[in-house]
Amino acid sequence: MHPSLSFDQAPPISVPYRFFLAAPWFGVMAGILLAWSGPAAFASRWTPEALALTHLIALGFMLQAMSGALFQFIPVAVGGNVWRPRLVANTVQPLLLLGTLLLVAGFLFVRTDLLSAAVPLFLLAVGGFVTVVAIALWQTPATGVTLWAMRLAIGGLAVTVLLGSLLAESLARGLSLPIVELTNIHLAWGLGGWALMLLAGVSYHVVPMFQLTRPYPPWFARGFGPLLLLLLLAWSGQYFLDDVRWPVAIGLPLVAVFSAYAGMTLWLQYTRRRKIHDPTSLYFRVAMLSLLVFAISGAAFFLIPVIGADPRSVVWLGVLAFAGVFVSAITGMMYKITPFLNWLHLQRLGAPMSAVPNMKKMLAAEAMTGQLRLHVLAVLLLLAAVWLPGLASLAGVAFACSSAWLAWNLISAVRRYQAFRDQIRVVALHR
Amino acid sequence: MSITTALFQHHKYCDEIFADAEEACANADWEAGAAAFQLLRGQLETHFSSEEELLFPAFEAASGMTSGPTEVMRGEHRQMRDLLAQMQGAISSRDSDAFGGAAETLLILMQQHNMKEENILYPMCDDHLRSSDIGAALAERLKQA
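How each quantity is defined
Here the residue numbering is sequential within each chain, running from 1 through the sequence in written order. Whichever chain is written first is A, and whichever ligand is written first is 1; the rest continue in order. With the structure being a predicted model, the display of local features is reserved for residues of pLDDT at least 70 and the display and counting of side-chain atom pairs for 80 or more, all residues being used for whole-chain, interface and lining totals. Side-chain numbers here rest on the full set of heavy atoms in the structure, without hydrogens or water. Only heavy atoms matter for contacts: two residues are in contact if any of them lie within 4.5 Å across the pair. What counts as a salt bridge is simple: a side-chain nitrogen of Lys or Arg found within 4 Å of a carboxyl oxygen of Asp or Glu. Each polar contact in these results corresponds to two N or O atoms within 3.5 Å; when the atoms are within protein, one needs to be able to donate a hydrogen and the other to accept it, and residues that are neighboring in sequence are counted only if both atoms are side-chain atoms. Counting from the N terminus, the helices are DSSP H or I runs at least four residues long and the strands are E runs at least two residues long. Accessible area is worked out with a 1.4 Å probe on protein chains only. A residue is then buried under 20% of its type maximum, exposed over 50%, and partly exposed in between. Disulfides are defined in this document as cysteine sulfur pairs within 2.5 Å.

Asks: Would you mind going over the interface of chain B and chain A with me for this structure?
Replies: How big an interface is tends to be expressed through the accessible area that disappears when the partners come together. In this complex, chain B contributes 32 residues to the contact, which on the side of chain A involves 24 residues. Counting across the interface, chain B meets chain A through 5 salt bridges. The partner of Lys 336 of chain A in a salt bridge is Glu 104 of chain B, with the nearest N and O atoms 2.5 Å apart. There are 5 residue pairs in polar contact (both at pLDDT 80 or more) connecting chain B and chain A. Only α1 (5-26), α3 (69-92) and α4 (96-128) of chain B provide two or more residues apiece to the side of chain B that touches chain A. Looking at the side of chain B that touches chain A element by element, the count peaks at 16 residues for α4 of chain B.

Below, the structure is given as structure tokens:
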């Protein structure tokens, strides 16, 4: 029998939701931290505050939300069987939460013992998660570009965490490793090899599906992942090649590949059949525009070393990538997944279909659009604060508020799920 | 051309008329919206019934699988018919919000459903029913709708 026939392997609703509900609070923490540290935070990528902010978003927001989404996405989109999702989620999430807080505190208070303490937690949490997900992704009989991108992405996550652990240990033990080069490689695998690879793989699936666009051209979807992987391997060569021209020679094609994905996605959205704009499609647009600006500024920094040498130029790229691309795209995805999961799980409770409220009643469009506007304002303020440090605190407050609003929207949706579930159960009892 | 090519192409056609109906009703253009929706509902009904009356029984007979994927697909057809009824109700009461909510839900359900059919069930049908003439019958039925 065909192994992926059981279409209903989706995990219990609590599995994705526990990750989704945790993620925004790390955005709130990041905003508060920025507001509190003020102009100093953005002076360079190496300030304790900048390192703490980066990991609050990368591990607290992005990795939480992306893990939760993967538990849901793998069975539904690529027919993979995740081994005991509830157990894995219940184990992985607390380890991730604790590891993230330790790591961030270690950066912020310059305590290398805390960095070192976080390492085993991440190795355990991400190691377990990667293993379970990799088994699911290699055992599924499905094929296709989304599946391949996800396989590459999960490998990218493993590389990122291994390099991060090496960096943490080398700081804690004073090993004489080339920290700058290793950090550049760690960063490229985290943002490119894991996050962007996964986003692209998911895009191949959901952009045509949610927005009724044409599919990504096969040459593009087949070429993007392997090309990105190849460039990341070459980028990692800077560790061995002591030549300043190497990062430029690889960096330029790398940002060209980023802009090709952003441009292709924007073009598909522009020519789509569905004319309705919803918060998810707008969020995707914000993410892709940010990625384009990232690629263009990245190219400019490579080509015009005078600007590129300013330590703030990398901070600018960081704000674009973390807040502009990934927080936006992930928020948009959560706004689509959450109402649909509410609906799907409620109608499985056996209520008559018409008793289950539709998706718009799970999360009001106005609440999502309002939060989207505040998020865009926060990203613009963050970008301005890179060059006008006086704006840093205001930008931090705006980002904290927009993240809190996201948390509130998701909590409201979950409470609506619980309320409708209880109603349906009461009706069922009295039938 | 495989047995299920016509069904595959019909999915794309239904996407297009879905977008027309959704746009018109969102703009409270109820006359155009009602017309586009009638077309959509009719086309989807033809699609569902073609599968339920022709393709699924033939597949079940050829493969011996009666409670597997076809049963899941029938269940989702029921859910989509119910959402279409809710959309009809929203058009009758000129309620853009109710229409939009049901349409959004239908869209995601429909897209997931289509993807399962296109990626899993249709290839299996093509495999099991290679020597039958059911492809022509399906194409004929969809053309007449």
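More follows now that the structure is in view.
Asks: Just to check I follow, could you spell out the pattern of salt bridges for this structure?
Replies: Where charged atoms from two side chains of opposite charge come close, those side chains can pair. Inspection of every chain in the model, using the stated rule, returns 21 salt bridges over all chains. Note that Glu 22 of chain B is salt-bridged to Arg 274 of chain A, the shortest N-O span being 2.4 Å. Here Glu 22 of chain B, found in helix α1, pairs with Arg 274 of chain A, found in the loop between α8 (245-270) and α9 (279-303), and the two come from separate chains. By relative accessible area, Glu 22 of chain B is classed as buried at 5%. Between Asp 127 of chain B and Arg 130 of chain B there is a salt bridge; the shortest N-O distance is 2.9 Å. In this pair, the class of Asp 127 of chain B matches that of Arg 130 of chain B, namely exposed. What you see here is one network of salt bridges that share partners, running through Arg 274, Asp 278 and Lys 336 of chain A together with Glu 22 and Glu 104 of chain B.

Asks: Before we go on, may I ask you to explain the state of the cysteines in this structure?
Replies: Working definition of a disulfide: a covalent bond connecting the sulfur atoms of two cysteines. Residue and element names in this part refer to chain B. Counted under the stated rule, the structure contains 0 disulfides over all chains. The closest cysteine sulfur to the non-disulfide-bonded Cys 125 is located on Cys 14, 18 Å from its own sulfur. A relative accessible area of 0% places Cys 125 in the buried class.

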